[in-house]
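Structural description and commentary
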Amino acid sequence: MSGWLMVAGLGPGSEALVTPEVTAALVQATDIVGYIPYVARVAPREGLTLHPTDNRVEGERAAHALAMAAAGRRVVVVSSGDPGVFAMAAAVFEALEAGPEAWRDIDIRVLPGITAMLAASARAGAPLGHDFCAINLSDNLKPWELIERRLRLAVEADFAIALYNPRSKARPEGFARTLDLLRETCGDDRLILFARAVSTPEEVLNIVPLSQAKPDMADMRTMVIIGSSQTRVIPRAGAPILYTPRSVA
Ligand SMILES: C[S@@+](CC[C@H](N)C(=O)[O-])C[C@H]1O[C@@H](n2cnc3c(N)ncnc32)[C@H](O)[C@@H]1O
């Protein structure tokens, strides 16, 4: 059988949120490639080789996957959430573009998954119900000045803003700076959702006004959604509902 490469999204954590298309690809695979915790979500079986690697080697991982597919293996590169959102799909295409011409004949497909911002939004209500944008707060692959400029423009345009990678141990200051920027540009009552480990047993949701938001409310397992000026809460006996109305007058 000729080789192929699928770049698949495993969703935010729950097995119930893995698509049937991704499950079918995992069943047919001979090789699973990806960051250690994502590969650990795939059950080992006979005939399947797992290739877990560190998260700083995306380029090498992508080239390795392409080389195996070119040699006739059936390779699935796994990402959490959706593979096209701050994840491996773009890394695979960067490696394809830079690699040998023969790689362009490989049968490659991207299999979508439920990205963290959609899973978090659904748990809280519908904070992304009107126009929104997504920004990755990590400055590993771009300068902080660019992140700050995009944040300012997103606030000015009154988007709800989904923040991926808000705060790591290696760079805790970025999210503190983000909160400072919001305090300069938004009112104290701007609503912020902290959604941690969504769809896993450790899931915690917290909705606070900007005045109560603190840097240590976020970590690398947290999705932060900053509401637009229109985002509001429906208080009730159960968990409050956070949503952004569909229209702006
Ligand atoms: C490198 S990005 C990968 C995003 C992934 N491709 C996706 O579509 O969700 C990792 C970031 O996604 C967010 N994230 C991933 N899974 C999450 C979950 N279950 N709950 C909350 N945030 C999550 C966090 O902000 C984390 O730092």
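Let me sum up the structure you'll find in this document. (Residues numbered from 1 in each chain as written. Predicted model: local features only at pLDDT ≥ 70, side-chain atom pairs only at ≥ 80, totals over all residues. Heavy atoms only, no water.)

1. Some points on unusual backbone geometry
How we decide: In this text, helices come from DSSP runs of H or I with a minimum length of four residues, and strands from runs of E with a minimum of two, each type numbered from the N-terminal end. Using a 1.4 Å probe on the protein chains alone, a residue whose accessible area is under 20% of its type maximum counts as buried, one over 50% counts as exposed, and one in between counts as partly exposed.
Backbone geometry places phenylalanine 86, a non-glycine residue, at a positive phi of 50 degrees. As for its position among the elements, phenylalanine 86 is in the loop between β4 (74–79) and α4 (88–98). Accessibility expressed as a relative area gives 43% for phenylalanine 86, which makes it partly exposed. With a phi angle near 50 degrees, alanine 197 is a residue other than glycine that sits in the positive phi range. Take alanine 197: it is sitting in the loop between β9 (191–196) and β10 (204–209). Here alanine 197 falls in the buried class, since its relative accessible area comes to 5%.

2. Notes on the packing of helix α3 (residues 58–70) against α4
Cut-off, in case you're wondering: Between N-to-C directions, angles span 0 to 180 degrees; the directions come from axes that are lines fitted to C-alpha atoms, helices contributing only their stretch in contact. If an angle is under 35 degrees, it is roughly parallel; if it is over 145, roughly antiparallel; if it lies from 65 to 115, roughly perpendicular; otherwise it is oblique. Less than a right angle of anticlockwise turn of the near helix away from the far helix marks a crossing as left-handed, whereas a clockwise turn marks it as right-handed. Here, two residues are considered to be in contact whenever any of their heavy atoms come within 4.5 Å of each other. Residues are grouped as follows: nonpolar covers Ala, Val, Leu, Ile, Met, Phe, Trp, Tyr, Cys and Pro; charged covers Asp, Glu, Lys and Arg; every other residue, Gly included, is treated as polar.
The interhelical angle for the contact between α3 and α4, taken along N-to-C directions, is 70 degrees, at an axis separation of 8 Å. In terms of their interaxial angle, α3 and α4 are classed as roughly perpendicular. In terms of crossing hand, the pair formed by α3 and α4 is right-handed. From α3, Glu58, Gly59, Arg61, Ala62, Ala63 and Leu66 reach across to α4, where they touch Met88, Ala91, Val92, Ala95 and Leu96. Of the residues assigned to the contact of α3 with α4, the class counts are eight nonpolar, one polar and two charged.

3. Regarding the sheet that holds strand β13 (residues 241–243)
Where strands meet in a sheet, backbone hydrogen bonds hold them as pairs that are either parallel or antiparallel. To be explicit about the condition: Any two strands are treated as partners once DSSP identifies two or more bridges connecting them.
In spatial order, the strands read β6-β13-β12; together these three strands make up an open sheet with mixed pairing. Two strands bound the open sheet, and with one partner strand each, they are β6 (125–126) and β12 (232–234). The pairing of β6 with β13 spans two bridges and is parallel. Bridge pairing links alanine 126 to tyrosine 243 in β13.

4. Digging into the side chain of serine 138
Cut-off, in case you're wondering: Each polar contact in these results corresponds to two N or O atoms within 3.5 Å; when the atoms are within protein, one needs to be able to donate a hydrogen and the other to accept it, and residues that are neighboring in sequence are counted only if both atoms are side-chain atoms.
Assignment of secondary structure puts serine 138 in the loop between β7 (132–136) and α6 (144–156). At a separation of 3.1 Å, a polar atom in the side chain of serine 138 contacts the main-chain amide nitrogen of asparagine 140. Not counting residues up to four positions away in its chain, the partners in contact with serine 138 are Ile147, Asn165 and Arg171.

5. Re the sheet that holds strand β5 (residues 107–111)
Spatial ordering of the open sheet is given by β3-β2-β4-β1-β5, a layout of five strands whose pairing is parallel. Across the chains shown, the open sheet's two edge strands, defined by having one partner strand only, are β3 (49–53) and β5. Strand after strand, the sheet turns through a mean of 15 degrees between neighbouring axes, direction not considered. Bridging between strand β2 (residues 31–35) and β4 involves four bridges; their strand directions are parallel.

6. Focus on the site of the ligand
To keep things clear, this is the line we draw: Note on terminology: near, applied to a residue and a molecule or strand, indicates that one of the residue's heavy atoms is within 4 Å of it. Where accessible areas are quoted, they stem from the Shrake-Rupley method and a 1.4 Å probe; at the residue level, only the protein chains shown are allowed to cover. Domain start and stop points were drawn from an automatic or database domain assignment.
As a structural note, the neighbourhood of the ligand is formed by 19 residues, with Asp82, Val85, Thr115, Met220 and Thr222 the closest of them. One of the side-chain N or O atoms of asparagine 165 is found 2.9 Å from an oxygen atom in the ligand. Contact between the ligand and threonine 222: an oxygen atom at 2.7 Å from a main-chain N or O atom of the residue. Within the complex, the protein chains bury 89% of what would otherwise be the 570 Å² of accessible surface of the ligand. For the shell around the ligand, the per-class residue count stands at twelve nonpolar, five polar and two charged. Taken domain by domain, the makeup of the shell around the ligand includes at least three residues from each of domain 1 (4–114) and domain 2 (117–243).

7. So, the packing of aromatic side chains
Selection rule: The aromatic pairing rule takes the rings of Phe, Tyr and Trp, using the six-membered ring of Trp, and pairs them if the centres are within 6.5 Å, calling planes under 30 degrees apart stacked, those over 60 edge-to-face and the rest tilted.
If you walk through the whole model with that rule in mind, you get three aromatic pairs. Centroid distance tyrosine 35 to tyrosine 38: 5.2 Å. Interplanar angle 85 degrees. Geometry classified as edge-to-face. Residue classification places tyrosine 35 among the partly exposed residues on the basis of a relative accessible area of 24%. Given a relative accessible area of 25%, tyrosine 38 falls into the partly exposed group. Ring centres of phenylalanine 175 and phenylalanine 194 lie 6.0 Å apart, and the angle between their planes is 90 degrees; on these two criteria the pair is classed as edge-to-face. Residue phenylalanine 175 is located in helix α7 (residues 173–185), and its partner phenylalanine 194 is located in strand β9; the two are separated by 19 residues in the primary sequence.

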